[in-house]
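Chains, contacts and geometry: an overview
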There are 2 protein chains.
Amino acid sequence: MAGSTLRDVARRAGVSIRTVSNVVNGSVPVSDELRVRVQAALDELDYRPNLVARNLRRGRSGMIALVVPELDVPYFAELAREVITAARTHGYVVMLDQTDGDGDRERELLGRESRATMFDGLLLSPLSISADELRRRTNKVPVVLLGEHIFNGSFHHVAIDNIVAAREATEHLIGLGRRRIAAIGDQPYSTGETAQLRTTGYRQALERAGLTVDRELIVPTPRFHRHLGAEAMERLLALPEPPDAVFCYNDLLAIGAMHTLARAGVRVPEDIAVVGVDGIQEGRYSSPSLTTVAPDKAAIARTAVSTLLGVIDGSAPAPTDAKAPHRLLVRQSTRGAPVD
Amino acid sequence: MAGSTLRDVARRAGVSIRTVSNVVNGSVPVSDELRVRVQAALDELDYRPNLVARNLRRGRSGMIALVVPELDVPYFAELAREVITAARTHGYVVMLDQTDGDGDRERELLGRESRATMFDGLLLSPLSISADELRRRTNKVPVVLLGEHIFNGSFHHVAIDNIVAAREATEHLIGLGRRRIAAIGDQPYSTGETAQLRTTGYRQALERAGLTVDRELIVPTPRFHRHLGAEAMERLLALPEPPDAVFCYNDLLAIGAMHTLARAGVRVPEDIAVVGVDGIQEGRYSSPSLTTVAPDKAAIARTAVSTLLGVIDGSAPAPTDAKAPHRLLVRQSTRGAPVD
DNA sequence: CATCATCTCTGCATCGTTGCAAAGGACGGG
DNA sequence: CCCGTCCTTTGCAACGATGCAGAGATGATG
């Protein structure tokens, strides 16, 4: 039942515990004769190191935690995939937790009884926790923030350049000749910094093109979910003068918006062009397929993981603010042509 | 830098280590006077229990691992969400790993140097590992299998009734008056047991309705991905006599199939009706929205977690074969009416 | 032949926590 | 006034592994 320990193996092989440990780890040279004997005992007893004990002794767990609002949001699932892959190349495994955008749950993570102490570090994609809280609560555990929020300079941070990304998406629509361009997803309050950056980029693009910003066309949504995109689009269609294009702050909003358009019999992109952000796989196969600004998720994951490991081993003390690349993927929802 | 330990707190409060431990755990009564003094010291030093040490001592880690082929497949992401939630109600956290359907990676999980020993148990959704291998390799670590494969009676197992689910999906199509019904997703080889069950249900439905099974209409796919569904549908459209309905073995295949149909100008459901399996959120917002057989993922997760915990504490020794409920969600891809 | 360097191998202490058993003090009953 | 009981508090050992320093054997060197 219980797994065998170094002691069991040592007894069986007639050597000291320490020698067995040396054979297992291979760090210290062991004579051929003993090695063979110990190896045999290891095999016979099917020894597996107790990693909890090893971690205690070594002071490291080899685990990092990735905390996202919702795992069933495709962007986070795809990001999680990349984080797991990136961590593996460094010999780390990833514990996943979700907060459901619940501030209390996020706070709990940093509190006294949190499991966070079990991990060497934390990758956190905060939704509703504020910068101050985070600063106050984060004791000792190395943290790297992903995507959301900015927290100017207090924390390591990895994200795309949201202003530029939003501007490019909007410029793409302008380049198609659209003039009445809506935006779905603004969040004009303290925890909506990412959304606000995208609004900034959207406005920049309009202003540079000499277009006026119509506040009626900026529809806020508390979260980035399909159904909220659908509702926002209903509001836009109800306007006396509906838009001829929509920039959605993420792909789920865009897909919700297209859902509403399909029901209403509005043609995409002929009547209204749609562009999203996130580059999720779902958008490649939607009807029509979705034009999107795709962050390089693998790059985000790699940067985040290696930054975090840098903090853990003390080689990266000063908070960095890394920008990951992104690119515009033009598909049917703006271009129309059914090619992929 | 380094967190404070029970010893530090004990020294500061002028009591024994054990008393501090008692205050922290609250299991043994402590006098008010000492409790106050210790609590003050705890707060001042911002003590956080070292969970690695605690786990070593208690012989439990409070962690289970969930291993899925791919986290960016929506079904697994949605399932993972439920598993994390279910585990939390039992005080457990979940480590997530993905195997990319790589048999070696799955095998590695059960091998000598695996991290699996760090977890109290394993929820495994195997893709390419065989029953024998699993039986041979799984030593000691409690395992519950999810969804895929059957492994008659050797392991705890939780899944929907695949035969019934497939039969109901097919019967739904038959009920709509369709007579030439294709199937996408068969896997006629040892690791494709789930797919084979769905094929069985499909055939049962046809036979009961007195329809003949046309082997040309059963298109196998090595995996359940969107692009494979798209390719399979191309093959079906190229037939001299294309189908008037398709039963896809999961929603991603169905979405890929609909993608092909949209490009080819074939109307769904008028020309070809489509039904999938998995009930992923993506299908609610696709155009047209997707009819699907939705497993109760929360129920699967709850059952799997509580079964696993039962194995861990020794109260559930005999392998069980739990069937989770499922239900048919009829949407536009078969019914047509644009209501939801 | 004595001495020293080298190479294996070992025992002990330790990581931070909790189980166990017993010490110490307070208290009530006979 | 003494003894037994109960309650709080404590020290020791242990979970299973690794770091360290040193023991013993072997070979090289003067």
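Keep in mind the model is a prediction, meaning the values are calculated, not measured.

Examining the overall build of chain A
When you go through chain A residue by residue, the secondary structure sums to 14 helices and 12 strands. Compactness check: chain A gives a C-alpha radius of gyration of 26 Å against a globular reference of 20 Å for 340 residues, more than 25% above the reference. In terms of overall dimensions, chain A has C-alpha extents of about 90 × 45 × 35 Å along its principal axes. Looking at chain A residue by residue over its 340 residues, the buried ones come to 56%. Summarising the internal contacts of chain A: among those between residues at least 6 apart in sequence, 70% fall at separations of at least 24. Of the accessible surface of chain A, which amounts to about 14,000 Å², a share of 50% is contributed by carbon and sulfur atoms.

A word on the protein's contact with DNA strand C
In the vicinity of DNA strand C, 23 residues are found, and the nearest of them are Thr19, Ser31 and Arg57 of chain A together with Arg18 and Tyr47 of chain B. Here, DNA strand C places atoms within 4 Å of the protein, and 64% of those atoms are sugar or phosphate. Take Arg18 of chain B: an N or O atom from its side chain is 2.2 Å from a base nitrogen of DNA strand C.

A short note on the UniProt feature "domain: HTH lacI-type" (unreviewed entry) in chain A
Per the UniProt record, "domain: HTH lacI-type" (unreviewed entry) is found at residues 4-58 of chain A. Regarding residues 4-58 of chain A, the helix share stands at 71% and the strand share at 0%, and the terminal C-alpha atoms are separated by 20 Å.

Side note on the protein's contact with DNA strand D
Around DNA strand D, the structure places 26 residues, and the nearest of them are Leu6, Arg18 and Tyr47 of chain A together with Thr19 and Ser31 of chain B. In the model, a phosphate oxygen of DNA strand D is placed 3.1 Å from a nitrogen or oxygen of the Asn25 of chain A side chain. Contacts to DNA strand D include Ser31 of chain B, whose side-chain N or O atom sits 2.5 Å from a phosphate oxygen. Among the secondary structure elements, those contributing two or more residues to the surface near DNA strand D are helix H2 (17-25) and helix H4 (51-58) of chain A together with helix H2 (17-25) and helix H4 (51-58) of chain B. Ranked by residue count, the leading element in the surface near DNA strand D is H4 of chain A, at five residues. Split into classes, the residues belonging to the surface near DNA strand D amount to 12 nonpolar, eight polar and six charged.

Quick word on the pattern of salt bridges
Should their charged atoms come close, side chains of opposite charge can pair. For the coordinates displayed, the defined rule picks out 30 salt bridges over all chains. The residue Arg81 of chain B makes a salt bridge to Asp72 of chain A at a minimum N-O spacing of 2.9 Å. Pair noted here: Arg81 of chain B is in helix H5 (residues 74-89) and Asp72 of chain A is in the loop between strand S1 (63-68) and helix H5 (74-89), and the two residues belong to different chains. Summarising the burial analysis for this pair, Arg81 of chain B and Asp72 of chain A share the class buried. For Arg180 of chain B, the salt bridge is made with Asp214 of chain B, and the minimal N-O distance between the two is 3.2 Å. Of the two residues, Arg180 of chain B sits in the loop between helix H8 (162-175) and strand S6 (181-186) while Asp214 of chain B sits in the loop between helix H9 (193-208) and strand S7 (218-220), which places them 34 residues apart along the sequence. On the accessibility criterion, Asp214 of chain B (25% relative accessible area) is partly exposed. Each member of the salt-bridge network shares a partner with another, and the members are Asp72 and Asp100 of chain A together with Arg81 of chain B.

Observations concerning the packing of helix H10 (residues 226-237) of chain A against helix H11 (residues 251-264) of chain A
All names here are of chain A. For the pair H10 and H11, the least separation of the axes is 6 Å and the interaxial angle reads 50°. In terms of axis orientation, H10 runs oblique to H11. Crossing of H10 against H11: the hand is right-handed. The segment H10 lies against H11, with Arg226, Leu228, Gly229, Ala230, Met233, Glu234 and Leu237 engaging Leu252, Leu253, Ile255, Gly256, Ala257, Thr260, Leu261 and Ala264. Here the residues of the contact of H10 with H11 are counted per class, giving 10 nonpolar, three polar and two charged.

What about the interface of chain B and chain A?
Contacts between the two partners involve 66 residues from chain B, matched on the other side by 66 residues from chain A. Of the roughly 5,900 Å² buried where chain B meets chain A, counting both sides, 51% is carbon and sulfur surface. On the surface where chain B and chain A come into contact, there are six salt bridges. With its nearest N and O atoms 3.2 Å apart, the salt bridge here joins Arg88 of chain A to Asp97 of chain B. Looking at the side of chain B that touches chain A, the elements that each hand over two or more residues are helix H3 (32-45), H4, H5, strand S2 (93-98), helix H6 (103-110), helix H10 (226-237), helix H11 (251-264) and helix H12 (282-285) of chain B. Among the elements that line the side of chain B that touches chain A, the one with the most residues is H5 of chain B, at seven residues. Taken together, the residues of the side of chain B that touches chain A sort by class into 25 nonpolar, 19 polar and 22 charged.

Thoughts on empty space enclosed by the protein
Applying the stated criterion across every chain, the model contains five cavities of 30 Å³ or more. The volume enclosed by the largest cavity comes to roughly 140 Å³. In terms of lining residues, the largest cavity is bounded by 14 residues, among which Tyr285, Ser286 and Ser287 of chain A together with Ser286 and Ser287 of chain B are the most central. Among the secondary structure elements, those contributing two or more residues to the lining of the largest cavity are H11 and helix H12 (282-285) of chain A together with H11 and H12 of chain B. Across the lining of the largest cavity, the residue classes break down as six nonpolar, six polar and two charged.

Quick look at the sheet that holds S6 of chain B
Residues and elements named next belong to chain B. Pairing is mixed in the open sheet, where six strands are placed in the order S7-S6-S8-S9-S10-S12. The open sheet terminates on both sides in strands that have one partner only, identified here as S7 and strand S12 (326-329). Neighbour to neighbour, the strand axes of the sheet diverge by 15° on average, direction disregarded. Each of S6, S7 and strand S8 (245-248) is contacted by H10, which is oriented at about 145° to S6, the strand it contacts most.

Description of the pairing of strand S1 (residues 63-68) of chain B
Residue and element names in this part refer to chain B. Within S1, six of the six residues are buried, which leaves the element mostly enclosed by the surrounding structure. Burial along S1 is two-sided: Met63, Ala65 and Val67 and Ile64, Leu66 and Val68, pointing in opposite directions, are all buried. Both S1 and S2 contribute to a ladder of six bridges, which runs parallel. Among the inter-strand pairings, Ala65 is bridged to a residue of S2, identified as Met95. Strand direction decides the pairing type here: S1 and strand S3 (residues 121-124), joined by four bridges, are parallel. Bridge pairing links Ile64 to Gly121 in S3.

What about the environment of Glu78 of chain A?
Topologically, Glu78 of chain A is positioned in helix H5. With 14 residues separating them along the chain, Glu78 of chain A and Tyr92 of chain A place their C-alpha atoms 18 Å apart. Ignoring sequence-local partners within four residues, the contact set of Glu78 of chain A consists of Gly279, Ile280, Gln281 and Lys297 of chain A together with Asp72 of chain B.

Thoughts on helix H13 (residues 297-312) of chain B
Residues and elements named next belong to chain B. The first and last C-alpha atoms of H13 sit 22 Å apart over 16 residues, in line with the 22 Å expected at 1.5 Å per residue. Restricting attention to buried positions, one finds in H13 the residues Lys297, Ala299, Ile300, Ala301, Ala304, Val305, Thr307, Leu308, Leu309, Gly310 and Ile312. Downstream of H13 by one or two residues, Gly314 has phi in the positive range, about 80°.

Procedures and definitions
Here the residue numbers are simple positions, counted from 1 along each chain's written sequence. Chain letters start at A and ligand numbers start at 1, both assigned in the order the entries are written. Reporting in this predicted model follows two pLDDT cut-offs: at least 70 for local features of residues, and 80 or more for side-chain atom pairs to be given and counted; totals over whole chains, interfaces and linings ignore these cut-offs and use all residues. The side-chain numbers reported here are obtained from all heavy atoms of the structure, hydrogens and water having been left aside. Secondary structure is summarised from DSSP: a helix means a run of H or I of at least four residues, a strand means a run of E of at least two, and numbering begins at the N terminus for each. In this description the radius of gyration comes from C-alpha coordinates, and the expected globular size is given by 2.2 Å times residues to the power 0.38. Each residue is placed in one exposure class: buried if its accessible area under a 1.4 Å probe, protein chains only, is under 20% of its type's maximum, exposed if it is over 50%, and partly exposed if it falls in between. Throughout, a residue-residue contact means that at least one pair of heavy atoms, one from each residue, lies within 4.5 Å. Each accessible area value is a Shrake-Rupley result obtained with a 1.4 Å probe; residue values ignore everything except the protein chains displayed when judging cover. Nearness of a residue to a molecule or strand requires only that one of the residue's heavy atoms be within 4 Å of it. Two N or O atoms count as a polar contact when they lie within 3.5 Å, although within protein this holds only if one can serve as hydrogen donor and the other as acceptor, and sequence-adjacent residues are included solely when both atoms are side-chain atoms. UniProt positions are given in the numbering used here, feature names are shortened, and annotations may be inferred rather than shown by experiment. Three categories are distinguished: nonpolar for Ala, Val, Leu, Ile, Met, Phe, Trp, Tyr, Cys and Pro, charged for Asp, Glu, Lys and Arg, and polar for the others, with Gly belonging to the last. One speaks of a salt bridge when a side-chain nitrogen belonging to Lys or Arg is within 4 Å of a carboxyl oxygen belonging to Asp or Glu. All axes here are fitted lines through C-alpha atoms, helices being fitted over the stretch that makes contact, and every angle between N-to-C directions spans 0 to 180 degrees. Any angle that falls under 35 degrees is termed roughly parallel, while one over 145 is termed roughly antiparallel, one within 65 to 115 roughly perpendicular, and all others oblique. Here a crossing is called left-handed whenever its near helix is offset anticlockwise from the far helix by less than a right angle, and right-handed whenever the offset is clockwise. By buried area we mean the combined loss of accessible area, with a 1.4 Å probe, across both parts when two parts are placed together. In this analysis the probe radius is 1.4 Å and the grid spacing 1 Å, with only protein atoms considered; a cavity is a set of points the probe fits into but cannot get out of, a pocket is an open set with protein on both sides within 12 Å along at least five of seven lines, and lining residues have an atom within 4 Å of a point. Grid points are joined across faces, edges and corners, and a volume is the space filled by probe spheres set on the points. In short, DSSP must find at least two bridges between two strands for them to pair. A helix's residues, less one, multiplied by 1.5 Å, set its expected span.

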